[in-house]
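Chain and residue survey
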Amino acid sequence: LDIDYIMEDLPSLIRESIEGTERIKKIVMDLKNFAHPGKRELEYADINKNIESTLNIVWNELKYKATVKKEFGDIPEILCHPHEVNQVIMNLLVNAAHAIEDTGTITIRTRHEGDHVTLEIEDTGKGIKPTDLNRIFDPFFTTKPVGKGTGLGLSLSFNIIEKHHGQITAASTPGQGTLFRICLP
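Below: a short report on this structure. As the structure is a computational prediction, the values presented were derived from the model and not from experiment.

As for the overall build of the protein chain
The helix and strand inventory of the protein chain stands at five helices and seven strands. Counting helices and strands in the order they occur from the N terminus, the protein chain gives α-β-α-β-β-α-β-β-α-α-β-β. Relative to its 185 residues, the protein chain shows a buried fraction of 38%. A total of about 11,100 Å² of accessible surface is found on the protein chain, and carbon and sulfur atoms cover 56% of it.

Written as structure tokens, this is what we have:
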């Protein structure tokens, strides 16, 4: 046995183990907050915190594809079903990562405008053809290859935002990227 090497490497191994355990703890807490099983009543939520929590959950989907830029504004809490809003955020982030062919950027912005909060998720992916843009919220419509998408994520997201008396829109330029904008009261 190389005791000297083991003794030298041991503090680093312990530190890495503690960091890994803390990361697992944070993921479990974020998953718990993401799901909120059994909670069906409206509650006040900080959308910036919801985004951070959702980013932690989908990080493995994003980290090799995109640099994530956060431009969070000073926004009030909104009355919503936080787990449903998290689902929308997750769908948009995963779609943004899938739209980026090699590497790119996903920019997340929040701001307070009048009587609503605006959330934008913009990617530098391949974009959506103008002929497809007006169909992206239709159930079962997908721009992904066969077997790669169900076409339900954006339809579900649209319904959730509508249920919250909000609005979701998309703008896209093929070859440059897509911007999804959500306005919630």
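Let's talk about helix H3 (residues 82-99)
With 18 residues, H3 should reach 26 Å at 1.5 Å per residue; the first-to-last C-alpha distance of 26 Å fits that figure. Of all 18 residues in H3, 15 are buried; the element is thus mostly enclosed.

Some words on the sheet that holds strand E2 (residues 66-72)
Read from one edge to the other, the open sheet built from five strands follows the order E2-E4-E5-E7-E6, with strand pairing classed as mixed. Pairing within the sheet leaves two strands with one partner each, and these edge strands are E2 and strand E6 (167-173). For this sheet, the mean inter-axis angle between neighbouring strands, taken without regard to orientation, is 15°. The sheet contact formed by strand E4 (residues 104-113) and strand E5 (residues 116-123) spans eight bridges and is antiparallel. In the sheet register, Arg111 faces E5, and the bridge partner there is Thr118. Across the face of the sheet, H3 comes into contact with E4, E5, E6 and strand E7 (177-184) while running at roughly 20° to E5.

Structural notes on the environment of Ile121
Mapped onto the elements, Ile121 comes out in strand E5. Here Ile121 falls in the buried class, since its relative accessible area comes to 3%. Sequence separation between Ile121 and Phe180 is 59 residues, and the spatial gap between their C-alpha atoms is 5.3 Å. The contact partners of Ile121, leaving out residues within four places of it in the chain, are Ile89, Leu92, Leu93, Ile106, Thr107, Ile108, Thr178, Leu179 and Phe180.

What counts, and at which threshold
Each residue is numbered by its place in its chain's sequence as written, counting from 1. For this predicted model, a pLDDT threshold of at least 70 governs which residues receive local features, and a threshold of 80 or more governs which side-chain atom pairs are given and counted, while totals over whole chains, interfaces and linings are taken from all residues. With hydrogens and water set aside, each side-chain value is computed from the structure's full complement of heavy atoms. Each helix corresponds to a stretch of at least 4 residues labelled H or I by DSSP, and each strand to a stretch of at least 2 residues labelled E; elements are numbered beginning at the N terminus. Relative accessible area decides the class of each residue, using a 1.4 Å probe on protein chains only: under 20% of the type maximum gives buried, over 50% gives exposed, and in between gives partly exposed. For the accessible areas, the method is Shrake-Rupley and the probe is 1.4 Å, while residue cover comes only from the protein chains on display. In a helix, the anticipated span is given by 1.5 Å times the number of residues less one. Strand pairing is defined by DSSP finding a minimum of two bridges between the two strands. Angles run from 0 to 180 degrees between N-to-C directions of axes, and those axes are lines fitted to C-alpha atoms, restricted for helices to the stretch in contact. We call two residues in contact whenever any of their non-hydrogen atoms come within 4.5 Å of each other.

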